[in-house]
Amino acid sequence: MPPDLIRPSTSGVSLRALAELSGAAGPVPDLRVTGASLDSRTVLPGDLYAALPGFNVHGAQFSADAVRLGAVAVLTDAAGAAVIRGQAGSADSAGAPHAAHSAHSAHSAAPPGTEVPLLVVDDPRARLGQLAAAIYGDPGADLTMVGITGTNGKTTTAYLLESALRALGCSTGLIGTIETRVGKERLDSSHTTPEATDVHALLAVMRERGADTCVMEVSSHALDQHRVDGVVYDVALFTNLSQDHLDYHGSMEDYFAAKARLFTPERSLSGVVCVDDEWGRRLIDRATVPVTTLTTLPTPTSEPTPTSTGAEVDWSVVPRRGAAVDGASGQPFHLVHRSGDRSLSLASHLPGDFNVANTAIAAVALLSLGHEPARVEAALAVPPSVPGRMEVVAPGGTTDPRCIVDFAHTPDAIDVALAALRPSTRGRLIAVLGAGGDRDRGKREAMGRAAARHADIVVVTDDNPRSEDPAEIRRTVLAGARSAVTDGSAVAREIIDGGARSRAISSAIAMALRGSSGSDGADTVVVLGKGHEKGQEVNGVKHPFDDREAVRTALRAAERTIR
Ligand SMILES: CC(=O)N[C@H]1[C@@H](OP(=O)(O)OP(=O)(O)OC[C@H]2O[C@@H](n3ccc(=O)[nH]c3=O)[C@H](O)[C@@H]2O)O[C@H](CO)[C@@H](O)[C@@H]1O[C@H](C)C(=O)N[C@@H](C)C(=O)N[C@H](CCC(=O)O)C(=O)O
Ligand SMILES: Nc1ncnc2c1ncn2[C@@H]1O[C@H](COP(=O)(O)OP(=O)(O)OP(=O)(O)O)[C@@H](O)[C@H]1O
Ligand SMILES: N[C@H](CCC[C@H](N)C(=O)O)C(=O)O
């Protein structure tokens, strides 16, 4: 990230104050710390380098690099201190930078020119959020903060909210899977939720540029890894929970527990929870902040009451009869309060019932922030554009296929995304999908099954194979799709191994062009899983790849060949 955007201008804070805040014992020199990084490669002069124990390596191994780039102090744990001590020992003979220290103490004793004080604490990751907030002057406290969690729908809801907040006259910032935005400036994201050091720096930049509100996605990894420590959200939103990331969390219970941490006073002042799924209903019993609930399920409901105390859901979605929004596939609806005395007329501009849920969550969040219902209606009437989410790349015609790119990469998202496209598909629904490597292996078969249950043709391909064998991942997704045929739940008539992604997209489009010329109407080709992504990660290398470009290229090539 360019330093001018990620780093605010700041006078910093004294190392002594940070030592006290972190609980590190022992004297430290009176110097100023003006930034923080947990990655030696992004250290700037004046930084505190957080040398954290990682899944692969201990960050202490890179502390000499961090010092070389200008780190003025290092935060680490006892193991990291031992690593640095070892490096210092060998540096005495090799001449490399080093620092000496003792566990739970903070002092410096290193060769001239290389010495940096160490703050040694038990769990440095767990201290970093507070320290970064202090270094940048607690920027989150000066912004209205909205945090969104859930398996699916975070990005979509964040864009809906950001667009509505702008329409309401707010000056917004956004942090999420696709990008970070401060006013008109934008940066591509590498994570859904950045590390704590970057979160607080970005919030400080937003404050500096005059933003008053920040909407951000909060992933379960972020909650587990203390990436949003030191931020208290004015309102925290929960969309839904379904299978994903079990490689990391181990079980749905642990995954849920990570998300639930957002709904505690340490992290939020209030919550908005969609209780359409069991996890949302459980969350409101677990939350220790006041929570407003909503549902898109039909009411009065035969579903179990949302809480063990039997409380009614605060807001319900009631479909609104009338013309489709802008002649497109959006859906009009009423959002009705349980008291019966308040109701908003809203519309989802994006296809699928799940986008009614996302729009309703955004509306309840805006009401929770104190915006007037009539203004919320008007603000949400502005159609948002969400890159790579149900993005129509080619609208289709009588014989030309409609081509859509969507980010569905969980079984549930594939299920709802394909179901959303069925009603508007005149010909066949052709799904192109794969599964990411080095991610939850347990979801792959279920993704294939979901595709075969909704699409007429399933073309299995590679997503981001990362370090795995792509053919092996495809085999698992294919096995899932074929199991739906075996158990009779499939509508798919063809399940194909499409091979590499560009080839698979070309095959699907060629099939659609051929099929559409003689059938009931044009086919729909939906390419799932990578949405806005601009690269394909293979063995640590990101190769340029954009599904939307691949679709356009394949369309041009197929038209030349077939017509
Ligand atoms: C599983 C996971 O979340 N891992 C994160 C974790 O990595 P790690 O513990 O393995 O790090 P490591 O490689 O052992 O390195 C240890 C330390 O040394 C530092 N280091 C390493 C090398 C170097 O040259 N210099 C240096 O300072 C690293 O910054 C790190 O602090 O800490 C790293 C540094 O902050 C993160 O980049 C990394 O995210 C990895 C890349 C990742 O893919 N995370 C995904 C799963 C993720 O976080 N996804 C969520 C969820 C999205 C969703 O909801 O769908 C997200 O928020 O994006
Ligand atoms: N409320 C929802 N319920 C179920 N599926 C959804 C919902 N909203 C979006 N989806 C589907 O999930 C996909 C991902 O949506 P979105 O990017 O908004 O979620 P996300 O939570 O940000 O995902 P990630 O954390 O992986 O970035 C969409 O492309 C769509 O297919
Ligand atoms: N935030 C998700 C995105 C997955 C997108 C999909 N294209 C994949 O690579 O699996 C993750 O990091 O697991």
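Small disclaimer: the values here were computed from a predicted structure and weren't measured.

Right, let's get into the sheet that holds strand β22 (residues 494-499). Judged by pairing direction, the sheet is mixed, and its six strands sit side by side in the order β18-β19-β23-β20-β21-β22 without closing on themselves. On the outer flanks of this sheet lie β18 (391-394) and β22, each paired with one strand and no other. In this sheet, neighbouring strand axes are inclined to one another by 20 degrees on average, regardless of whether the strands run parallel or antiparallel. Pairing analysis gives four bridges linking strand β20 (residues 429-433) to strand β21 (residues 457-461), with the strands arranged parallel. The residue of β21 that forms the bridge with isoleucine 430 is isoleucine 457. Most of the contacts of helix α15 (residues 443-454) go to β20, to which it runs at about 165 degrees, and overall it touches β20, β21 and β22.

Moving on: the nonpolar core. Among the nonpolar cores identified, the biggest contains 54 residues, and Leu119, Leu203, Met216 and Phe263 are the most heavily contacted of them. In this structure, this core is formed jointly by two domains, domain 1 (3-133) and domain 2 (138-380), each of which donates at least three residues. In terms of nonpolar packing, the next biggest core, distinct from the first, is built from 38 residues, Phe333, Val364, Ala365 and Val376 among them.

Strand order in the open sheet made by the 11 strands is β10-β9-β8-β11-β7-β12-β13-β14-β15-β16-β17, with mixed pairing throughout. On the outer flanks of this sheet lie β10 (185-188) and β17 (343-348), each paired with one strand and no other. The sheet shows a mean angle of 20 degrees between the axes of neighbouring strands, taken without regard to direction. By the bridge criterion, five bridges tie strand β7 (residues 144-149) to strand β11 (residues 213-217) in an arrangement that is parallel. By the bridge assignment for β11, methionine 145 is matched with cysteine 214.

Take the pairing of strand β14 (residues 291-295) next. Two elements, strand β13 (residues 271-274) and β14, share four bridges in a ladder whose sense is parallel. Bridge assignment links glycine 271 to a residue of β14, and that residue is valine 291. A crossover connection joins β13 to the parallel β14 through helix α11 (residues 278-286); in handedness this β-α-β unit is right-handed. Sheet analysis places β14 next to strand β15 (residues 315-319), joined by two bridges and oriented parallel. Note that in β15 the partner of threonine 295 across the bridge is serine 316.

Our focus in this paragraph is the site of ligand 2. With respect to spatial proximity, 21 residues lie near ligand 2, and among them Lys154, Thr155, Thr156, Asp406 and His409 are the closest. The separation between an oxygen atom of ligand 2 and a polar side-chain atom of lysine 154 is 2.6 Å. Measuring from an oxygen atom of ligand 2, one finds a side-chain N or O atom of threonine 155 at 2.6 Å. If you list the elements that add at least two residues to the shell around ligand 2, you get α6 (154-167), α12 (353-368) and α14 (411-421). Ranked by the residues each element gives to the shell around ligand 2, the list is headed by α14, at four residues. Here the shell around ligand 2 is built from residues that sort into six nonpolar, 10 polar and five charged. Per-domain counts for the shell around ligand 2 show at least three residues from each of domain 2 (138-380) and domain 3 (391-562).

Per the stated rule, a full pass over the model turns up 33 salt bridges. Close ionic contact of arginine 342 with aspartate 341 constitutes a salt bridge, the shortest N to O distance being 3.8 Å. For arginine 342, a relative accessible area of 38% puts it in the partly exposed group. By relative accessible area, which is 60% here, aspartate 341 ends up exposed. Aspartate 546 is the salt-bridge partner of arginine 548, the closest N and O atoms lying 3.0 Å from each other. Judged on exposure class, the residue arginine 548 and its partner aspartate 546 are both buried.

Glancing now at the site of ligand 3. Taken together, His245, Phe407, His409, Gly436, Arg439, Asp463, Asn464, Arg466, Gly529, Lys530 and Glu533 make up all the residues around ligand 3. Here a nitrogen atom of ligand 3 sits 2.7 Å away from a polar atom, N or O, in the side chain of aspartate 463. Between an oxygen atom of ligand 3 and a side-chain N or O atom of asparagine 464, the distance comes to 2.8 Å. When the free accessible area of ligand 3 is taken as 360 Å², the share hidden by the protein chains comes to 87%. Classifying every residue of the shell around ligand 3 by side-chain character gives one nonpolar, five polar and five charged.

Criteria and cut-off values
Residues numbered from 1 in each chain as written. Chains lettered and ligands numbered in written order. Predicted model: local features only at pLDDT ≥ 70, side-chain atom pairs only at ≥ 80, totals over all residues. Heavy atoms only, no water. Pairing = 2+ DSSP bridges. Helix = DSSP H or I, 4+ residues; strand = E, 2+ residues; numbered from the N terminus. Axes fitted to C-alpha atoms, helices over the stretch in contact; angles between N-to-C directions. Contact = heavy atoms within 4.5 Å. Core = buried A, V, L, I, M, F, W, Y, C linked by side-chain atoms within 4.5 Å. Buried < 20%, exposed > 50% of the residue type's maximum accessible area, 1.4 Å probe, protein only. Domains from an automatic or database assignment. Right-handed = clockwise from strand over helix to strand, strands pointing away. Near = heavy atom within 4 Å. Polar contact = N/O pair within 3.5 Å; in protein donor to acceptor, adjacent residues only side chain to side chain. Nonpolar A, V, L, I, M, F, W, Y, C, P; charged D, E, K, R; others polar. Salt bridge = Lys/Arg side-chain N within 4 Å of Asp/Glu carboxyl O. Areas by Shrake-Rupley, 256 points an atom, 1.4 Å probe, with all protein chains shown as cover.

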